[in-house]
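The primary structure of each chain is shown beneath.
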Amino acid sequence: MRLSLAAIVAAFCMLGVAHGQEAIPESLTGAKGDPARGRAIVASRQVGLCLLCHSGPFPEERFQGNLAPDLAGAGKRWSEGQLRLRVADSGRINPVTIMPAYHRTEGLRRVAPAWRGKPILSAEQIEDVVAFLLTLKD
Ligand code: HEC
(Lines give C-alpha, C1' and ligand atoms only; values in the text may rest on other atoms or scores of the structure.)
Protein backbone atom coordinates (compact mmCIF):
# COMPACT_ATOMS: atom_id res chain seq x y z
CA MET A 1 0.00 0.00 0.00
CA ARG A 2 2.69 2.44 1.07
CA LEU A 3 4.68 1.49 -1.97
CA SER A 4 1.86 2.19 -4.42
CA LEU A 5 1.16 5.60 -2.86
CA ALA A 6 4.84 6.44 -3.26
CA ALA A 7 4.63 5.29 -6.87
CA ILE A 8 1.67 7.57 -7.51
CA VAL A 9 3.41 10.55 -5.93
CA ALA A 10 6.53 9.83 -7.98
CA ALA A 11 4.47 9.60 -11.16
CA PHE A 12 2.83 12.94 -10.45
CA CYS A 13 6.21 14.53 -9.78
CA MET A 14 7.54 13.18 -13.05
CA LEU A 15 4.55 14.65 -14.83
CA GLY A 16 5.42 17.90 -13.15
CA VAL A 17 1.92 18.31 -11.70
CA ALA A 18 3.20 18.88 -8.19
CA HIS A 19 5.51 21.61 -9.44
CA GLY A 20 2.99 23.45 -11.58
CA GLN A 21 4.83 22.35 -14.72
CA GLU A 22 1.65 21.13 -16.42
CA ALA A 23 1.10 22.83 -19.75
CA ILE A 24 -0.77 22.88 -23.06
CA PRO A 25 2.26 23.00 -25.37
CA GLU A 26 0.41 23.20 -28.70
CA SER A 27 -1.38 26.29 -30.01
CA LEU A 28 -5.17 25.85 -29.88
CA THR A 29 -5.45 27.23 -33.42
CA GLY A 30 -2.21 25.90 -34.87
CA ALA A 31 -1.01 29.48 -35.29
CA LYS A 32 0.68 32.16 -33.19
CA GLY A 33 -1.52 34.75 -31.53
CA ASP A 34 -1.32 38.51 -31.92
CA PRO A 35 0.10 40.25 -28.81
CA ALA A 36 -1.58 43.61 -29.56
CA ARG A 37 -5.03 42.00 -29.79
CA GLY A 38 -4.18 40.00 -26.65
CA ARG A 39 -3.34 43.15 -24.71
CA ALA A 40 -6.69 44.65 -25.69
CA ILE A 41 -8.51 41.53 -24.47
CA VAL A 42 -6.66 41.50 -21.13
CA ALA A 43 -7.27 45.21 -20.48
CA SER A 44 -10.91 45.12 -21.60
CA ARG A 45 -13.69 45.40 -19.02
CA GLN A 46 -16.07 43.67 -21.44
CA VAL A 47 -14.00 40.83 -22.86
CA GLY A 48 -11.21 39.54 -20.61
CA LEU A 49 -12.03 41.16 -17.28
CA CYS A 50 -8.57 40.07 -16.15
CA LEU A 51 -8.00 43.39 -14.32
CA LEU A 52 -10.92 42.65 -12.05
CA CYS A 53 -8.48 40.38 -10.18
CA HIS A 54 -5.03 41.09 -11.65
CA SER A 55 -2.88 44.17 -11.92
CA GLY A 56 -0.27 44.60 -14.63
CA PRO A 57 1.66 47.04 -16.80
CA PHE A 58 -1.41 49.02 -17.94
CA PRO A 59 -0.68 52.64 -16.97
CA GLU A 60 -3.88 53.80 -18.71
CA GLU A 61 -6.10 51.62 -16.50
CA ARG A 62 -6.89 53.33 -13.21
CA PHE A 63 -8.58 50.47 -11.42
CA GLN A 64 -6.80 47.14 -11.26
CA GLY A 65 -7.41 44.10 -9.09
CA ASN A 66 -5.46 42.83 -6.11
CA LEU A 67 -6.96 39.34 -5.78
CA ALA A 68 -4.35 37.68 -7.99
CA PRO A 69 -0.64 37.92 -8.85
CA ASP A 70 0.53 40.96 -10.87
CA LEU A 71 0.75 39.94 -14.53
CA ALA A 72 4.06 41.79 -14.91
CA GLY A 73 6.79 39.22 -15.48
CA ALA A 74 4.31 36.41 -16.28
CA GLY A 75 6.19 35.78 -19.55
CA LYS A 76 9.38 35.21 -17.59
CA ARG A 77 7.85 33.05 -14.86
CA TRP A 78 5.92 30.71 -17.17
CA SER A 79 6.47 29.01 -20.51
CA GLU A 80 4.06 29.50 -23.40
CA GLY A 81 2.37 26.16 -22.68
CA GLN A 82 2.02 26.91 -18.97
CA LEU A 83 0.43 30.28 -19.74
CA ARG A 84 -1.96 28.65 -22.23
CA LEU A 85 -3.14 26.16 -19.60
CA ARG A 86 -3.50 28.89 -16.96
CA VAL A 87 -5.67 31.05 -19.18
CA ALA A 88 -7.67 28.24 -20.85
CA ASP A 89 -8.38 26.22 -17.71
CA SER A 90 -6.69 27.36 -14.50
CA GLY A 91 -8.86 24.91 -12.54
CA ARG A 92 -6.68 22.10 -13.85
CA ILE A 93 -3.83 23.52 -11.75
CA ASN A 94 -5.81 24.73 -8.76
CA PRO A 95 -9.26 23.09 -8.48
CA VAL A 96 -10.50 25.77 -6.09
CA THR A 97 -9.20 28.78 -8.01
CA ILE A 98 -11.42 31.83 -8.40
CA MET A 99 -9.99 32.42 -11.88
CA PRO A 100 -12.54 31.56 -14.59
CA ALA A 101 -11.72 28.77 -17.06
CA TYR A 102 -11.65 30.93 -20.19
CA HIS A 103 -11.71 28.08 -22.66
CA ARG A 104 -13.63 25.21 -21.11
CA THR A 105 -17.25 24.25 -21.53
CA GLU A 106 -17.27 20.89 -19.74
CA GLY A 107 -17.84 20.42 -16.03
CA LEU A 108 -19.12 23.93 -15.32
CA ARG A 109 -22.07 24.46 -13.01
CA ARG A 110 -24.75 27.14 -13.03
CA VAL A 111 -24.23 28.28 -16.63
CA ALA A 112 -27.11 30.30 -18.09
CA PRO A 113 -28.71 28.58 -21.11
CA ALA A 114 -27.52 31.27 -23.52
CA TRP A 115 -23.89 30.54 -22.58
CA ARG A 116 -23.96 26.74 -22.38
CA GLY A 117 -21.35 25.12 -24.61
CA LYS A 118 -19.67 28.46 -25.33
CA PRO A 119 -16.23 29.20 -23.90
CA ILE A 120 -15.62 32.73 -22.54
CA LEU A 121 -12.77 33.25 -25.00
CA SER A 122 -12.40 31.58 -28.40
CA ALA A 123 -9.30 29.55 -29.24
CA GLU A 124 -8.02 32.49 -31.29
CA GLN A 125 -8.54 34.91 -28.38
CA ILE A 126 -6.71 32.51 -26.02
CA GLU A 127 -3.73 32.48 -28.42
CA ASP A 128 -3.76 36.30 -28.59
CA VAL A 129 -3.76 36.54 -24.78
CA VAL A 130 -0.93 33.99 -24.49
CA ALA A 131 1.12 35.88 -27.11
CA PHE A 132 0.63 39.09 -25.11
CA LEU A 133 1.49 37.49 -21.74
CA LEU A 134 4.72 36.14 -23.26
CA THR A 135 5.82 39.74 -23.91
CA LEU A 136 5.62 40.53 -20.16
CA LYS A 137 9.22 39.68 -19.37
CA ASP A 138 9.75 42.06 -16.44
C1 HEC B 1 -11.88 36.26 -10.66
C2 HEC B 1 -10.47 36.56 -10.60
C3 HEC B 1 -9.57 36.34 -11.80
C4 HEC B 1 -9.79 36.73 -13.11
C5 HEC B 1 -11.00 37.44 -13.69
C6 HEC B 1 -8.60 36.34 -13.83
N7 HEC B 1 -7.70 35.72 -13.00
FE8 HEC B 1 -5.86 35.04 -13.51
N9 HEC B 1 -5.56 34.34 -11.63
C10 HEC B 1 -6.43 34.56 -10.56
C11 HEC B 1 -5.84 33.98 -9.36
C12 HEC B 1 -6.46 34.01 -7.96
C13 HEC B 1 -4.58 33.43 -9.73
C14 HEC B 1 -3.54 32.75 -8.83
C15 HEC B 1 -3.52 31.27 -9.04
C16 HEC B 1 -4.83 30.62 -8.69
O17 HEC B 1 -5.37 30.86 -7.59
O18 HEC B 1 -5.35 29.93 -9.57
C19 HEC B 1 -4.45 33.69 -11.16
C20 HEC B 1 -3.35 33.32 -11.91
C21 HEC B 1 -3.09 33.75 -13.19
C22 HEC B 1 -1.84 33.57 -13.90
C23 HEC B 1 -0.59 32.98 -13.31
C24 HEC B 1 0.02 34.16 -12.56
C25 HEC B 1 1.36 33.93 -11.94
O26 HEC B 1 2.30 34.54 -12.40
O27 HEC B 1 1.44 33.12 -10.99
C28 HEC B 1 -1.98 34.16 -15.12
C29 HEC B 1 -0.92 34.26 -16.22
C30 HEC B 1 -3.32 34.67 -15.19
N31 HEC B 1 -3.96 34.41 -14.02
C32 HEC B 1 -3.84 35.33 -16.29
C33 HEC B 1 -5.14 35.82 -16.36
C34 HEC B 1 -5.70 36.41 -17.57
C35 HEC B 1 -4.95 36.64 -18.85
C36 HEC B 1 -7.00 36.73 -17.27
C37 HEC B 1 -8.05 37.31 -18.19
C38 HEC B 1 -8.22 36.66 -19.49
C39 HEC B 1 -7.23 36.35 -15.87
N40 HEC B 1 -6.08 35.80 -15.37
C41 HEC B 1 -8.41 36.55 -15.19
C42 HEC B 1 -7.65 35.20 -10.61
C43 HEC B 1 -8.25 35.71 -11.75
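By convention here, each chain's residues receive numbers from 1 onward along its written sequence. Local features in a predicted model are, by the rule used here, given only for residues with pLDDT of at least 70; side-chain atom pairs are given and counted only at 80 or more, and totals for whole chains, interfaces and linings are based on all residues.

**Let's talk about the overall build of the protein chain**
Counted only if it meets this: Secondary structure elements are taken from DSSP: a helix is a run of H or I of four residues or more, a strand is a run of E of two residues or more, and numbering for both begins at the N terminus. Counting other C-beta atoms within 10 Å of its own, a residue is labelled buried from 20 upward, exposed at 12 or fewer, and partly exposed in the gap between, with every C-beta atom placed from the backbone. Throughout, a residue-residue contact means that the two C-beta atoms, derived from backbone geometry, are no farther apart than 7 Å.
The number of helices and strands found in the protein chain is 5 helices and 0 strands. Listed N to C, the secondary structure of the protein chain is α-α-α-α-α in terms of helices and strands. Here the protein chain, with 138 residues, has 28% of them falling under the buried criterion. If you take every contact in the protein chain between residues at least 6 apart in sequence, the share linking residues at least 24 apart comes to 55%.

**Considerations on unusual backbone geometry**
Notably, Leu49 is not glycine yet its phi reads approximately 60°, a positive angle. Structurally, Leu49 is set in the loop between helix H2 (35-43) and helix H3 (74-77).

**A short note on the site of the ligand**
For clarity, the threshold we go by: In this text, near has one meaning. A residue is near a molecule or strand if its C-beta atom, placed using the backbone, is within 6 Å of it. Note on residue classes: Ala, Val, Leu, Ile, Met, Phe, Trp, Tyr, Cys and Pro are nonpolar, Asp, Glu, Lys and Arg are charged, and everything else, Gly too, is polar.
Lining the immediate surroundings of the ligand are 24 residues, of which Cys50, Cys53, Ala68, Thr97 and Met99 lie closest. Those elements giving two or more residues to the shell around the ligand turn out to be H3, helix H4 (80-89) and helix H5 (123-134). In terms of residue count, the dominant contributor to the shell around the ligand is H4 (3 residues). Grouping the amino acids of the shell around the ligand by side-chain chemistry returns 17 nonpolar, 5 polar and 2 charged.

**A look at the nonpolar core**
Put simply, the rule reads: Core membership is restricted to buried Ala, Val, Leu, Ile, Met, Phe, Trp, Tyr and Cys residues, and these are joined into a nonpolar core through C-beta atoms within 7 Å.
In terms of nonpolar packing, the biggest core is built from 22 residues, with Leu83, Val87, Ile126, Val129, Val130 and Leu133 touching the most fellow members. Of all the elements in the fold, those that place two or more residues in this core are H2, H4 and H5. Apart from the residues lying within four places of it in its own chain, the contact partners of Leu83 are Ala74, Trp78, Val130, Leu133 and Leu134.

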